[in-house]
Amino acid sequence: MLTFILRRVLALIPLLFIVSVIVYGLILIVPGDPAITLAGGEEATNERIEEVQKELGLDRPFLVRYGEWVGNAAQLDFGRSLYSDLPITEEIAERFPKTLQIAGGALAFGLLVGIPLGIISGIRPRSVSDRAVVFITSAAIAIPTFWLALILILQLAVYRNILPSRGFVPFSESPAQWFEHMILPWITLGTLTAATIARQLRGALSDTMGSDHIRTSRSVGLPPVKVVGKHALKNSSAPVLTVVGLQIAYLLGGTVVVEQIFGIAGLGSYVLTAINRKDFPAMQGAVMFIALITVVVNLIVDISYALLNPKVRVE
Amino acid sequence: MKRRFLVAAFGAAIVAVSVTGGGTALAQSKGKINPNARLEFGMNMGGGGFSQRLQPDRMTAICDSVVGSQVFGTLIRRDIKTNKPVPNLAESWDIVDPSTFKITLRKGLTFQDGTPLDAAALKRDIDLKRVAPSTLAPTLGVISEVVPEADGRTVTIKLSQPVAGIMPLTFAGREGMIAAASSTDQKPVGAGPFKFDSQVVGQEIKVSKFPNYWDAKNVKLAGIDYKNLDTAQNGVLAVVAGDLDMVEGAGQANAPAENDPNTAIERATGADYWKLNLNTSKPPLDNVEFRRAMNYAIDKKAIAEALFPGNYELATQSYPKAFVDQHQKDLAGRYPYSVKKAKEALAKSGVKTPVTLTVVPPANNPNFSRFAEIVQANLKEIGVDLTIAPSTNLLQTFFRDKQGDFVTTLWPARPDPSVTIQRNFTPNQVTNAGNNYSPEIPTALAEIQAADTQAAARAGYKKAINIIVDQAYEVPIFFPVLSNVHQKYVVSDDWQVYGSCQGVDFSKVAITTKKK
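Residues numbered from 1 in each chain as written. Chains lettered and ligands numbered in written order. Predicted model: local features only at pLDDT ≥ 70, side-chain atom pairs only at ≥ 80, totals over all residues. Heavy atoms only, no water.

So, on to the interface of chain A and chain B. Listed as interface residues are 48 residues of chain A and, on the opposing side, 54 residues of chain B. Taken together, the two surfaces of chain A and chain B that pack against each other cover about 4200 Å², and 49% of this comes from carbon and sulfur. Where chain A meets chain B, there are zero salt bridges. Summed over the shared surface of chain A and chain B, the result is three residue pairs in polar contact (both at pLDDT 80 or more). Listing elements by their share of the side of chain A that touches chain B, those giving two or more residues are helix H2 (34-38), helix H3 (46-56), helix H5 (88-123), helix H6 (128-142), helix H7 (145-159), helix H10 (224-261) and helix H11 (267-277) of chain A. (Contact = heavy atoms within 4.5 Å. Buried area = accessible area lost by both parts, 1.4 Å probe. Salt bridge = Lys/Arg side-chain N within 4 Å of Asp/Glu carboxyl O. Polar contact = N/O pair within 3.5 Å; in protein donor to acceptor, adjacent residues only side chain to side chain. Helix = DSSP H or I, 4+ residues; strand = E, 2+ residues; numbered from the N terminus.)

What follows deals with helix H3 (residues 119-129) of chain B. Of the positions making up H3(B), those classed as buried are B:Ala119, B:Ala121, B:Leu122, B:Asp125, B:Ile126, B:Asp127 and B:Lys129. The inward-facing, buried residues of H3(B) abut strand E5 (100-105), helix H4 (137-140), strand E6 (143-148) and strand E7 (154-159) of chain B. (Buried < 20%, exposed > 50% of the residue type's maximum accessible area, 1.4 Å probe, protein only.)

Negative phi characterises most residues that are not glycine, and trans characterises most peptide bonds. Cis geometry is found at the peptide bond from B:Pro283 to B:Pro284, where omega equals 0 degrees. Position of B:Pro284 among the secondary structure elements: in the loop between strand E13 (273-278) and helix H8 (288-297). Note the cis peptide between B:Thr353 and B:Pro354, where omega equals 0 degrees. Position of B:Pro354 relative to the elements: it lies in the loop between helix H10 (339-349) and strand E15 (355-359). Although it is not a glycine, A:Asn161 adopts a positive phi angle of roughly 55 degrees. With respect to the secondary-structure elements, A:Asn161 resides in the loop between H7 and helix H8 (175-209).

Let us now look at the pairing of strand E3 (residues 84-87) of chain B. All names here are of chain B. Here strand E2 (residues 76-79) runs beside E3; their pairing, made up of four bridges, is antiparallel. Among the inter-strand pairings, Arg78 is bridged to a residue of E3, identified as Pro85. Here E2 folds back onto E3 in antiparallel fashion, the turn holding four residues, of which Asn83 has a positive phi close to 60 degrees. (Pairing = 2+ DSSP bridges.)

Turning to the packing of H5(A) against H6(A), a few remarks are in order. Residue and element names in this part refer to chain A. Viewed as axis vectors pointing N to C, H5 and H6 meet at an angle of 135 degrees, and their least axial separation amounts to 7 Å. On the basis of their axis angle, the class for H5 and H6 is oblique. Crossing handedness for the pair H5 and H6: left-handed. On H6, the residues touching Leu117, Ile120 and Ser121 of H5 are Ser129, Asp130, Val133 and Val134. Its residues assigned to classes, the contact of H5 with H6 shows four nonpolar, two polar and one charged. (Axes fitted to C-alpha atoms, helices over the stretch in contact; angles between N-to-C directions. Parallel < 35°, antiparallel > 145°, perpendicular 65-115°, else oblique. Left-handed = near helix turned anticlockwise from the far one by under 90°. Nonpolar A, V, L, I, M, F, W, Y, C, P; charged D, E, K, R; others polar.)

So, on to the confidence of the model for chain B. Residues and elements named next belong to chain B. Here chain B averages 87 in pLDDT, and 93% of its residues register 70 or above. No element of chain B has a lower mean pLDDT than helix H1 (residues 2-19), at 42, and none a higher one than H8, at 97. Under the prediction, the complex receives an ipTM of 0.75, its pTM being 0.79. (pLDDT = per-residue confidence, 0-100.)

On to the pairing of strand E17 (residues 406-411) of chain B. Residue and element names in this part refer to chain B. Where burial is concerned, most of E17 is hidden: five out of the six residues are buried. Summarising the sheet, E13 and E17 pair through six bridges and their orientation is antiparallel. Considered in E17, the bridge of Tyr273 is made with Trp411.

To describe a pair of aromatic rings, one takes the distance between the centres and the angle between the planes. Inspection of every chain in the model, using the stated rule, returns 24 aromatic pairs over all chains. Where A:Trp178 meets A:Trp186, the ring centres are 5.5 Å apart and the plane angle is 80 degrees; that geometry is what we call edge-to-face. Taking the relative accessible area as the measure of exposure, A:Trp178 reaches 15% and is therefore buried. With a relative accessible area of 13%, A:Trp186 lands in the buried category. Seen from their ring centres, B:Tyr319 and B:Tyr461 are 5.6 Å apart, and the 85 degrees between their planes marks the pair as edge-to-face. With a gap of 142 residues between them, B:Tyr319 in the loop between strand E14 (312-314) and H10 and B:Tyr461 in helix H15 (residues 458-470) connect regions that are remote in the sequence. What makes B:Tyr319 buried here is its relative accessible area of 1%. The side chain of B:Arg106 reaches across the aromatic face of B:Trp214, ending 3.5 Å from its centre. Here B:Arg414 stacks its cationic end above the ring of B:Trp411, 4.7 Å away from the centre of that ring. (Phe/Tyr/Trp six-rings, centres within 6.5 Å; stacked < 30°, edge-to-face > 60°. Lys NZ or Arg CZ within 6 Å of the ring centre and 35° of its normal.)

Residues and elements named next belong to chain B. Among the structural elements, Ser183 can be located in the loop between helix H5 (167-170) and strand E8 (194-200). Among the residues examined, Ser183 registers a relative accessible area of 7% and is labelled buried. A polar side-chain atom of Ser183 sits 2.4 Å from a polar atom in the side chain of Gln55. Not counting residues within four places of it along the chain, the set of residues in contact with Ser183 comprises Gln55, Phe72, Pro188 and Val189.

Structure below.
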């Protein structure tokens, strides 16, 4: 197992190197020059723009700048934001917990809703309940996040005033208000996750339910709860775990839209703001950080998968 | 059993969502003023319009001033209803001659850190702003010397060009926000009505009433909490839902508030206008008859109705009717919408159709693309094929790299109306993409800038606007009505709606005890 983990960790090094080249290379493909904005936008003179470009080091060769950046990034120093002038690592550290709360809650919502729906659907394929779940999950997958957010805001905040339409209250300030403010972002972001988990579990469970060992378990008189809960679910959990790993990457990316709509200053809105402002260091730092988190989560999923399935370790 | 329970629960949830009653009854206006109430104002802190740079000499985005104007105040204030400069931190000013401007501060002004705002502090601040790396250097670079007078409250500003006439309204903008020596982007310190408290970057900014502000007795709010939101539409929804006190409205986005019993909308006419900014050095746009054909061919009303239904004034020139010193009534009918006249002008131009042009709408706002699509349909009728090529950075692609033939854009007016002419129709200005101009315009502008009142500048405006319209240097479309959507418990007896991300004059706003 240790060798397996070591091999996986070592494989991350070239992966992160490639990611860092792509992330830093974004500066070459994103249109616009931050020097123009920093020099005064439409009021900027060409001379001042050139001065700012020199101040920012944008006149130096790409590889030299990349070398410096990657060296610092390896120590989690992403430099300073061109606008706020604050260390990017500090800004990420302040915002990431909010993103984690949104993504974590959405994942919990996805699991809490997705697993029961997957079980309802998977234990009796082609039944009425299965068809209902397939219909609901298909709709949930097809609905765009921003549209769902708008409908939820209109129905639950504007028309009925049950939940707040926007904003964030820290848990330490008021747990009740924190929960109230997080419900809509969780549902918005977690709906697709719930649907994906439900469908994945349905597929795996319906296959398992038709297998010999489940038939045997039933024939020896084991109660249905035990058959499904102990035997069928365990065998169906591996593909669901893979989906959960992939969903974490989706959830982190999905916070970009959700944080914007609900006015929450997390990491997703930080990336979007950085792109809007051509704040390249902030953009590179935040994207690299998200990539790092995604890679680590995938590593954890791989390890968990190996723990569940010894065949993976051998392969 | 379980299945039946789940189905029942699901059904109950649907029924519950469908039949639950409407919104809460928020307090109506009319009531006592609550001196401890804080106003929750929504604004987009995440877009390119807000830079987080809160120092006046470092601000780079138009929305930065919405916070800055409250923390710093301005030397002079522009009354939105009369468009006239009125005293603020400065009690008076004098255009001594076209190259000399004198300004006198009120007595006993202090910054929020306790240091005095006197002539020496004013000189220090203006000297900082007028040279690079200040982002105000392009505007204030015309100042050659700032001399404090013996009274300690007056400074004489010497100018390298005869433009003293524009100084009063120039100092009503970011140029007139005076920062203390201790002020920084993270903790701005000024002498305005509200003192900076704290900021959660991109999420929230809090300011509280500054008790030593010169007009503190008339400031009725205890503070302002600026809250981040993504779009005007969601902001208006948040006001209707009771989660925000006020947001800046925008055309169709205001719809949910129009008939809501708890909200109100304040409106004002501004000089921001939607337009086609043409690169007049590129053929066939270098041909005046072709430009006239475009002015005839565009259905301005269709565009305005699509973007700001019922909330606009159609534009015939660069200033709306309310700007009486600038607007030229006799030019109103110069380019009526007429495909026939457009085709006649096109024939006169000698340009062979079909001709293909490229429009570059800003990609960050779908309204500009809708605007471009209507223009595309209009121009098709006169044999002009239009390619739409959105850009995420207009400043770079169109104005600097000269890609495309024209842009669908919004010109955000500055406090001093002459800036519109200067930036768009005089040489060596970034926003004059073609760098093409009539030599008479700078002369007329000089006349405007040297005049000591707006009324005295009328003749200069008449000359400049006549040339701009006659030469069809642009296609002005419409002036959107500026609006602010607020709860009815937010009251004011003098709404000063600035728009363009400037909100309202918060020092004239109060909250009644009706706010829960």
